[in-house]
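# Residue-level structural notes
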Amino acid sequence: MGRKTNRPVLLAALAVFLLAQSLCLANISQGKDKGSHEFIVKSGTSVSGIAQQLADEGFIRIPYLFVALSIFYKGKLIAGEYELTPDMGMFHILRKMAHGERNIYTLRIVEGNNIFNVADSAEKAHIMKAGDFLRILKDRSLVTALGIQAESLEGYLAPDTYFYSREIDAEKLVEKITQRTLAYFSRDDVKRRMGELRLSVHDVLTLASMIEREAKQRDEKPVISAVFHNRLRKGMSLDCDPTVLYTADGVAEGPIRKSDLTAHTPYNTYTLKGLPKGPICNPDKSSISAVLNPARVDFLYFVSKNDGTHVFSKDMKDHNRFVTMYQRTKQTKKQ
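Heads up: these notes are all about the structure in this document. (Residues numbered from 1 in each chain as written. Predicted model: local features only at pLDDT ≥ 70, side-chain atom pairs only at ≥ 80, totals over all residues. Heavy atoms only, no water.)

## Regarding the overall build of the protein
Check the secondary structure of the protein and you find 15 helices and eight strands. By the burial criterion, 46% of the 335 residues in the protein qualify as buried. Carbon and sulfur atoms provide 53% of the accessible area of the protein, an area that totals close to 18000 Å². (Helix = DSSP H or I, 4+ residues; strand = E, 2+ residues; numbered from the N terminus. Buried < 20%, exposed > 50% of the residue type's maximum accessible area, 1.4 Å probe, protein only. Areas by Shrake-Rupley, 256 points an atom, 1.4 Å probe, with all protein chains shown as cover.)

## Description of the side chain of His 202
Looking at where His 202 falls in the secondary structure, it is placed in helix 10 (residues 201-214). Filtering out sequence-adjacent residues up to four positions away, His 202 remains in contact with Gln 149, Ala 150, Tyr 156, Lys 277, Gly 278 and Pro 279. (Contact = heavy atoms within 4.5 Å.)

## Regarding the state of the cysteines
A full pass over the atoms with the stated rule returns zero disulfides. The thiol sulfur of Cys 240 is not disulfide-bonded, and the nearest other cysteine sulfur, from Cys 281, lies at 9.3 Å. Classification of Cys 240 by relative accessible area gives buried; the value is 0%. The exposure class of Cys 281 is buried, given its relative accessible area of 0%. (Disulfide = S-S within 2.5 Å.)

## Focus on helix 4 (residues 90-99)
Most of helix 4 is tucked away: seven of the ten residues are buried. Within the span of helix 4, buried status applies to Met 90, Phe 91, Ile 93, Leu 94, Lys 96, Met 97 and Ala 98. Two residues or fewer after helix 4 comes Gly 100, characterised by a positive phi angle close to 70°.

## Topic: the packing of aromatic side chains
A complete count under the given rule lists nine aromatic pairs for this structure. Their ring planes at 90° and their centres at 5.5 Å tell us that Tyr 184 and Phe 185 sit as a pair that is edge-to-face. Tyr 184 gets classed as buried once you look at its relative accessible area, which sits at 11%. With a centroid separation of 5.7 Å and 25° between ring planes, the pair formed by Phe 299 and Phe 312 is classed as stacked. (Phe/Tyr/Trp six-rings, centres within 6.5 Å; stacked < 30°, edge-to-face > 60°.)

## Things to note about the environment of Arg 95
Relative to the assigned elements, Arg 95 resides in helix 4. Separated by 25 residues in the primary sequence, Arg 95 and Ser 70 have C-alpha atoms spaced 9.1 Å apart.

## Topic: the environment of Pro 294
Examined against the element boundaries, Pro 294 turns out to sit in the loop between helix 14 (285-292) and strand 7 (301-304). The partly exposed category is assigned to Pro 294, whose relative accessible area is 22%. On a C-alpha basis, the gap between Pro 294 and Ala 226 in space is 4.8 Å, while along the polypeptide they are 68 residues apart. If sequence neighbours within four positions are ignored, Pro 294 has contacts with Arg 193, Pro 222, Ser 225, Ala 226 and His 229.

## A short note on the pattern of salt bridges
On inspection of all chains with the given rule, the structure shows 17 salt bridges. In this structure, Glu 38 engages Arg 166 in a salt bridge whose closest nitrogen and oxygen atoms are separated by 3.6 Å. Placement of the pair is Glu 38 in strand 1 (residues 37-41) and Arg 166 in the loop between strand 4 (160-164) and helix 8 (170-185), with a sequence separation of 128 residues. Overall, Arg 166 belongs to the buried group, its relative accessible area being 14%. (Salt bridge = Lys/Arg side-chain N within 4 Å of Asp/Glu carboxyl O.)

## A few points about helix 5 (residues 115-124)
Every buried residue of helix 5 is listed here: Ile 115, Phe 116, Val 118, Ala 119 and Ala 122. Taken end-on, helix 5 shows its buried residues confined to a sector of 160°, consistent with a single buried face. Check the buried side of helix 5 and you find it contacts strand 3 (105-109), helix 6 (130-137), strand 5 (246-247) and strand 6 (250-251). Between a side-chain oxygen at the N-terminus of helix 5 and the backbone nitrogen of Phe 116 the separation is 2.9 Å; the capping residue is Asn 114. Remark: His 126 follows helix 5 within two positions and exhibits a positive phi of approximately 65°. (Arc of directions from axis to C-beta. Polar contact = N/O pair within 3.5 Å; in protein donor to acceptor, adjacent residues only side chain to side chain.)

## Brief notes about the side chain of Ser 209
Examined against the element boundaries, Ser 209 turns out to sit in helix 10. Discounting residues that sit within four places of it in the chain, Ser 209 has contacts with Pro 279, Ile 280, Cys 281 and Pro 283.

Laid out in structure tokens, this is it:
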């Protein structure tokens, strides 16, 4: 009887001993290296998959123990990029992943920024190198998959602040940003208005990008929009200075020269009639709204007053007078 009575106690003691040993093993670090290392858990990775990956990269010794101890967190670990060090114990790693203590990157797309600016911002945010991010923005297969007929996503990146975690690919982040813009154009009222103006999504974003680059004051956007609409109806060139320096390979720096005005490029609105090849930056909603709702004015010209505002005119005579008044030292003017 005594032996039978002691057996459960012995088994319980053995279980406690094994558990204690496991907990000790779980807290033993894997080395003296204090350096931080990036460890990425992709979305959909199982706990056992995470454990094996940790073992392969030298962060833990016993994968099955990691899986067993994850029961304390109901086996729910959050995907993402984690900063781990080899001197971390298994429990420390588990706690970080269960609480989602991951690296989050912030990408701010400013209205008026072009894809080259956005790529630079991605590098400064430590998301990836500017050249690599730019390749994504110019990936024709991605652009086509999004239903966009263009060479890049210029103009389609909705200005806002985005938060990115590396459990997803950067392409998914770009898709999310682009879908924000496309969702706006899926609205019935917006589609109806585009139909009335006979403009495509690409046309609207192209005009909106020009307005974005020209206007410094939001309340002037509908008036500048009206100038462009009026000139289009009359078959006039749009003569938008910001389009002159833009190319698909980048934006030229410095003031506009006379030679720039006569250069034949798909974006130079001085040498071509109608809209340029595509957007020259990423406009905000107020610029898009200005395209769809231009002011009811018959202005054909505008010139900067050098204080962030413009003066508008209906004919060339008045326009030239204002150019002389406000732009005496400027080498270029609207024709």
